[in-house]
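Summary of structural features
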Amino acid sequence: MQVIDARADAARINELFYQHIPESGLRNYWHPVALSREITEQPLARTLMGDPVVLLRRQGVAYALANACPHRGTQLSKGSCEFPGSRTLTCRYHGWTFDVADGRLVAALTDGPQSAIVGKARVRTYPVAERQGIVWIWLADSAPVPVEQDIPRGLLEASEVHTVRRVAPGNWRWHVENPGLGHATFLHRDSAYMRMVDMFGYAEEPSAVLGTEGEDGEWLLDKFGGMGTNREYPGLGTWPPKRFGEVIKLTKFADGPLGVNSIVSVRLPGIVRVSNFPIGGSLYYEWFVQTDADHYLYFQVACGYPKTLLQRASWLARFYGWGRWAGMVRFNAQDLDMTADSHTYAKRHGSNDPAPLYRPDGFQLAWRKLAVEQLRGGGARLPARPVLREAAAP
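Residues numbered from 1 in each chain as written. Predicted model: local features only at pLDDT ≥ 70, side-chain atom pairs only at ≥ 80, totals over all residues. Heavy atoms only, no water.

As for helix α5 (residues 309-349)
When the local axis directions of α5 are compared, the greatest deviation, roughly 60°, occurs at Gly323. Once α5 finishes, Gly350 follows within two positions and takes phi at roughly 100°, a positive value. (Bend = angle between axes of the 7 residues up to and from the residue. Helix = DSSP H or I, 4+ residues; strand = E, 2+ residues; numbered from the N terminus.)

This is the structure we're talking about:
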């Protein structure tokens, strides 16, 4: 494992980050787009990274195409299947009919069976895969990598997979930089989820560590040396104050499934992982897929690993009785409020507007360095610096 102290290179990292990591998102990766049960014979319209896409199912298989007929640009999501049992979708405007597997024009109904345009037009198709009840899409022009490369093992091996999805205002880059204890020990103190927790005030000796914990692959891990609380702030007094009802004392964070013992982690293309959230014994993942200039799909996935019927019943009761509404919905709504403000501020002042940095920002800078250097399809290598040191194995 390697501790990454990127603060000395902050200016250069930020320059390269804004140069190589687009606001619209990273196309050379698989992204979640919908649940398998949502994809039916009826076309479903989505916009992903600015691309209008139509998703549908034919003969039990999910497909994705550009949501525009090449003839007059009509949305194919308004179309129908005029030949039941076939792999086709027919445009509502003039009856142009496409094979959804490869996008070929196979008939022009209003020009008759011998239409000369057949075979001479095509609509773009996108690779699609289904894993764990989730539909994944590849938006790049290049051939896709195996989808398992971009899905964490913790999701692939989960026996319980539950999602919360919403379209959020803002930009994905701000939300993927939200995780970490720099905000969690303050912003979430008054949430219902944390109201009974005697939450510490700040993380001592924060560090960003690139490495592998357990069986869930390599991540950038948010580490810290201790929990600072009830400290004297010169001229102000002590903080945080003790509040009525804080009966749960944090002494040690429990290890998560698959040997994950860091609270928060992140990896490309901007996946956030949280252990033991929204309930104990779970791994929680977030994806942020930009839709248009000011909105993104916020895709939240909670994974459980019960092995018996009794364990499953307990997991589901805790998840639906508490974790989903108090954690994934209300707790994370506080993050959405803050990251929307960051996006508004950036639009007003420019994304490259330099912000004052403090120690907890080291995790966000390390993420930017990771994104720039490990970007699939080519990134920018920063000059090697002797400030990197090996971290002791956990």
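Here's the deal with the packing of aromatic side chains
This structure, assessed with the given rule, holds 18 aromatic pairs. Between Phe288 and Tyr298, the ring centres sit 5.7 Å apart and the planes meet at 10°, which makes this aromatic pair stacked. On the criterion of sequence distance, the pair formed by Phe288 in strand β23 (residues 283-292) and Tyr298 in strand β24 (residues 295-304) is long-range, its members being ten residues apart. Exposure remark for Tyr298: the relative accessible area of 0% places this residue in the buried category. Members of the aromatic cluster, each reached through a chain of ring pairs, are Tyr193, Phe277, Tyr284, Trp322, Trp325 and Phe331. Directly above the aromatic system of Trp219 lies the positively charged group of Arg267, at a separation of 5.4 Å from the ring centroid. Its end group placed over the ring of Phe17, Arg368 keeps NZ or CZ at 4.7 Å from the ring centre. (Phe/Tyr/Trp six-rings, centres within 6.5 Å; stacked < 30°, edge-to-face > 60°. Buried < 20%, exposed > 50% of the residue type's maximum accessible area, 1.4 Å probe, protein only. Lys NZ or Arg CZ within 6 Å of the ring centre and 35° of its normal.)

Brief notes about the sheet that holds strand β6 (residues 88-90)
Pairing within the open sheet is antiparallel, and its three strands lie in the order β6-β7-β8. Each end of this open sheet is capped by a strand with a single partner; those strands are β6 and β8 (105-108). Sheet twist, expressed as the average angle between the axes of neighbouring strands with direction ignored, equals 20°. Where β6 lies against strand β7 (residues 96-99), three bridges are found, and the strand directions are antiparallel. Within β7, the position partnered with Thr88 by the bridge is Asp99. (Pairing = 2+ DSSP bridges. Axes fitted to C-alpha atoms, helices over the stretch in contact; angles between N-to-C directions.)

Considering the sheet that holds strand β5 (residues 61-66)
Strand order in the open sheet made by the four strands is β3-β4-β5-β9, with antiparallel pairing throughout. At either end of the open sheet lies a strand with only one pairing partner, and these are β3 (44-48) and β9 (125-126). Inspection of the sheet shows β3 paired to strand β4 (residues 51-58) by five bridges, in the antiparallel sense. Paired with Arg46 across the two strands is Val53, which belongs to β4.

Thoughts on unusual backbone geometry
Trans is the common state for peptide bonds, and a negative phi is the common state for residues other than glycine. Here the amide bond leading from Trp239 into Pro240 is cis, since omega sits at 0°, within 30 degrees of zero. In this structure, Pro240 sits in the loop between β19 (237-239) and β20 (248-249). In the segment running from Leu268 into Pro269, the intervening peptide bond is cis, with an omega of 10°. Structurally, Pro269 can be placed in the loop between β21 (264-267) and β22 (271-275). A positive phi angle, close to 55°, is found at Gln132, a residue other than glycine.

What to know about the nonpolar core
Ranked by internal contacts, the top residues of the largest apolar core, which has 58 residues, are Leu76, Trp96, Trp136, Ile137, Leu155, Tyr285 and Trp287. Those residues in contact with Trp136 that sit more than four places away from it in its chain are Trp30, His31, Pro32, Pro127, Val128, Ala129, Glu130, Arg131, Val147, Ile151, Leu155 and Trp287. Membership of the second largest hydrophobic core comes to 53 residues, among which are Ile21, Tyr193, Val274 and Phe363. (Core = buried A, V, L, I, M, F, W, Y, C linked by side-chain atoms within 4.5 Å. Contact = heavy atoms within 4.5 Å.)

Considerations on the environment of Ile279
Along the chain, the position of Ile279 falls in the loop between β22 and β23. Between the alpha carbons of Ile279 and Trp315 there is a distance of 8.2 Å; along the sequence they are 36 residues apart. Setting aside residues no more than four positions away along its own chain, Ile279 makes contact with Tyr193, Trp315, Arg318, Phe319 and Gly323.

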